[in-house]
Amino acid sequence: MTAPHRARPDTAQAGAVRSETVEPVAAAEVVEPATAAEVAEILRSTTGTVVPVGGGTKTGWAAPATSCDLLLRTRGLGRVVEYAPGDLVVVAEAGVPLADLQRQLAEHGQMLALDPPEAGATLGGIVSANASGPRRLRYGTARDLLIGVTVALADGTLARSGGKVVKNVAGYDLGKLYTGAHGGLGVLVSTTWRLHPLPPVTGAVTVPVQDSAEAGRYAALLARSTLTPTAVELNWSSRAGELTVLFESSAASVRAQSRAAIALLGAGAGAGAHADEVPDWFGARPTGGLVLRLAHEPFALPRVLDALPDGASGTASACTGVAYMAVPTDTDLAALRASIAPYDGSAVVIAADDARDALDHWGPVADSFDLMTRVKDRFDPERRLSPGRLLGGL
């Protein structure tokens with residue numbers, strides 16, 4: 001393998017190449033291109049392995065790279081290219097921080113309805129990690145809000161998919177393919193999103209939860225009701241917790257739905273449902289020990305909570321089947337995965353106090369692995385992009 005591409009001053013004006021260590025792999029070189037054309041030129045000119053990153057807030061969400069000759073930071077791609085408030089559409093480069101974009105959109109009473117909590121997260125990183133927050137219940141994830149992408153492929157070709165119109169179109173949807181790909185199929189350089197109006201009023205109802213069965217019962221009551229919450233989040237620790245239901249709408253709707261939620265949840269034995277401020281824990285990721293992202297069929301929430309080891313704590317989106325839990329570092333991951341597998345369950349490592357490269361990051365290989373391998377070979381035949389980061393070591 002030849003040495004990785006050293007970005008020339010005329011093709012990488014956004015920052016000089018330098019050495020940097022990226023846990024757990026030492027990057028031989030680092031570059032921050034300033035345009036999509038520069039990203040394409042870098043990929044064309046290097047034969048080494050390339051690991052793209054945005055703000056670096058979710059590098060633990062994929063398995064550690066087996067090699068990193070060149071760390072390609074996309075933070076230099078920081079422009080909002082086009083914003084049409086009347087069309088509820090924005091085109092922004094991959095390195096734009098979500099928080100910066102939200103401030104600009106808020107000036108027009110609009111928002112991108114994604115709320116992952118990682119400070120400094122960029123749009124490209126959010127798509128690559130398929131990161132979301134509590135509001136996924138109402139608005140969906142990046143896959144649902146992304147309507148177009150521009151991607152630099154492994155051979156340096158710039159490919160575009162989707163458009164600036166919110167509608168269904170025929171053809172191959174690169175945006176969905178690249179969501180959750182962790183830079184393993186190409187480098188996202190631009191994203192196009194559909195937007196939503198900012199809700200005028202926010203209200204929350206919180207109820208204590210005595211055990212896993214009660215958590216499941218409350219979630220089922222809400223899912224079967226006519227209420228339209230933005231989020232239903234469970235804070236879980238020591239086999240108990242509290243459930244917060246978030247409403248965002250007009251003042252009259254928030255008041256009416258909050259009262260209805262109190263009546264609905266307060267009917268449970270020992271419930272103390274009450275309207276309150278959104279709690280500090282709402283939407284936060286747990287820290288310490290071994291942090292897992294759990295996915296499962298929503299109805300199986302009680303069974304998944306029961307499968308967690310003693311000492312587990314974190315938050316769960318109770319009606320969508322996604323949870324983020326910190327568990328002890330000596331947790332038997334294989335046993336946990338086996339116990340939740342009957343409920344289409346998975347447990348993916350996203351952070352660890354101990355050496356992450358020694359852990360089974362993704363768990364068992366899916367039945368679709370052969371298809372995933374063919375897609376990887378089609379988009380990255382030399383296996384240079386984020387090597388080893390995807391399921392099965394792809």
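Residues numbered from 1 in each chain as written. Predicted model: local features only at pLDDT ≥ 70, side-chain atom pairs only at ≥ 80, totals over all residues. Heavy atoms only, no water.

Considerations on the overall build of the chain
- Across its full length, the chain carries 11 helices and 19 strands.
- Within the chain, the fraction of its 394 residues that count as buried is 53%.
- Within the chain, residue pairs in contact and separated by at least 24 positions form 70% of the contacts whose partners lie at least 6 positions apart.
- Only carbon and sulfur atoms are counted for the fraction: they give 52% of the accessible area of the chain, which is about 16,700 Å². (Helix = DSSP H or I, 4+ residues; strand = E, 2+ residues; numbered from the N terminus. Buried < 20%, exposed > 50% of the residue type's maximum accessible area, 1.4 Å probe, protein only. Contact = heavy atoms within 4.5 Å. Areas by Shrake-Rupley, 256 points an atom, 1.4 Å probe, with all protein chains shown as cover.)

A short note on helix α10 (residues 333-340)
- All buried positions along α10 are accounted for by Leu-333, Leu-336, Arg-337 and Ile-340. Down the axis of α10, the smallest arc covering the buried residues is 95°, so these residues share one side. Residues of α10 that are exposed and angled more than 90 degrees away from the buried face: Ala-334 and Ala-338. (Arc of directions from axis to C-beta.)

So, helix α2 (residues 98-106)
- Residues Leu-98, Leu-101, Gln-102 and Leu-105 constitute the buried set of α2. Take α2 and look down its axis: the buried residues cluster within an arc of 100°, on one side only.
- Against the buried residues of α2 lie β5 (80-84), β6 (89-93), β7 (110-111) and α3 (123-129).

Structural notes on the pattern of salt bridges
- Inspection of every chain in the model, using the stated rule, returns 14 salt bridges.
- A salt bridge links Arg-135 to Glu-248, with the nearest nitrogen and oxygen atoms 2.8 Å apart. Of this pair, Arg-135 sits in the loop between α3 and α4 (136-139) while Glu-248 sits in strand β14 (residues 240-249); the two residues are 113 residues apart in sequence, bridging distant segments of the chain.
- Three or more residues joined by partner-sharing salt bridges are found here, namely Asp-115, Arg-135 and Glu-248. (Salt bridge = Lys/Arg side-chain N within 4 Å of Asp/Glu carboxyl O.)

With respect to the nonpolar core
- In this structure, Leu-112, Leu-123, Tyr-178 and Trp-193 are the most contacted members of the largest nonpolar core, which totals 41 residues.
- Among the elements that make up this core, the one with the highest residue count is α3 (four residues).
- If sequence neighbours within four positions are ignored, Trp-193 has contacts with Leu-88, Val-89, Val-90, Leu-112, Leu-114, Leu-123, Val-127, Ala-142, Leu-145, Leu-146 and Ile-147.
- In this structure, Tyr-218, Leu-234, Leu-336 and Tyr-343 belong to the second largest nonpolar core, which totals 39 residues. (Core = buried A, V, L, I, M, F, W, Y, C linked by side-chain atoms within 4.5 Å.)

As for the sheet that holds strand β18 (residues 322-327)
- Strand order in the open sheet formed by eight strands is β15-β12-β14-β13-β17-β18-β16-β19, and the pairing between neighbours is antiparallel. Sheet topology places β15 (274-276) and β19 (346-352) at the edges, where each strand pairs with a single neighbour. On average, each strand axis in the sheet is tilted by 25° relative to the strand beside it, whichever way the strands run.
- With six bridges joining them, strand β16 (residues 290-295) and β19 adopt antiparallel strand pairing. Along β19, the bridge assignment pairs Leu-290 with Ala-352.
- Packed onto the sheet, helix α7 (residues 212-224) meets β12 (201-209), β13 (231-237) and β14 and runs at close to 145° relative to β12.
- Strands in contact with α10 are β16 and β19; relative to β19, the strand with the most contacts, it is inclined by about 145°. (Pairing = 2+ DSSP bridges. Axes fitted to C-alpha atoms, helices over the stretch in contact; angles between N-to-C directions.)

Considering the packing of aromatic side chains
- Enumeration over the complete set of coordinates arrives at four aromatic pairs.
- Here Trp-61 and Tyr-324 contribute two aromatic rings whose centre-to-centre distance is 6.0 Å and whose plane-to-plane angle is 35°, an arrangement assigned as tilted. With a gap of 263 residues between them, Trp-61 in the loop between β3 (50-53) and β4 (70-73) and Tyr-324 in strand β18 connect regions that are remote in the sequence. Of the two residues, Trp-61 and Tyr-324, both sit in the buried class.
- Ring centres 6.2 Å apart and planes at 45° place the aromatic pair Trp-281 and Phe-282 in the tilted group. With respect to class, Trp-281 is no different from Phe-282; both count as buried.
- The ring of Phe-379 carries the charged tip of Arg-378 above its face, separated from the ring centre by 5.9 Å. (Phe/Tyr/Trp six-rings, centres within 6.5 Å; stacked < 30°, edge-to-face > 60°. Lys NZ or Arg CZ within 6 Å of the ring centre and 35° of its normal.)

Things to note about the confidence of the model for the chain
- On average, the chain scores 89 in pLDDT, and the residues at 70 or more come to 89%.
- Here residues 1-22 is a poorly scored stretch, pLDDT under 50, and it has 50 contacts once near neighbours within four places are set aside; other chains count.
- The low-confidence segment residues 165-171, where pLDDT is below 50, has four contacts with residues more than four positions distant or belonging to other chains. (pLDDT = per-residue confidence, 0-100.)

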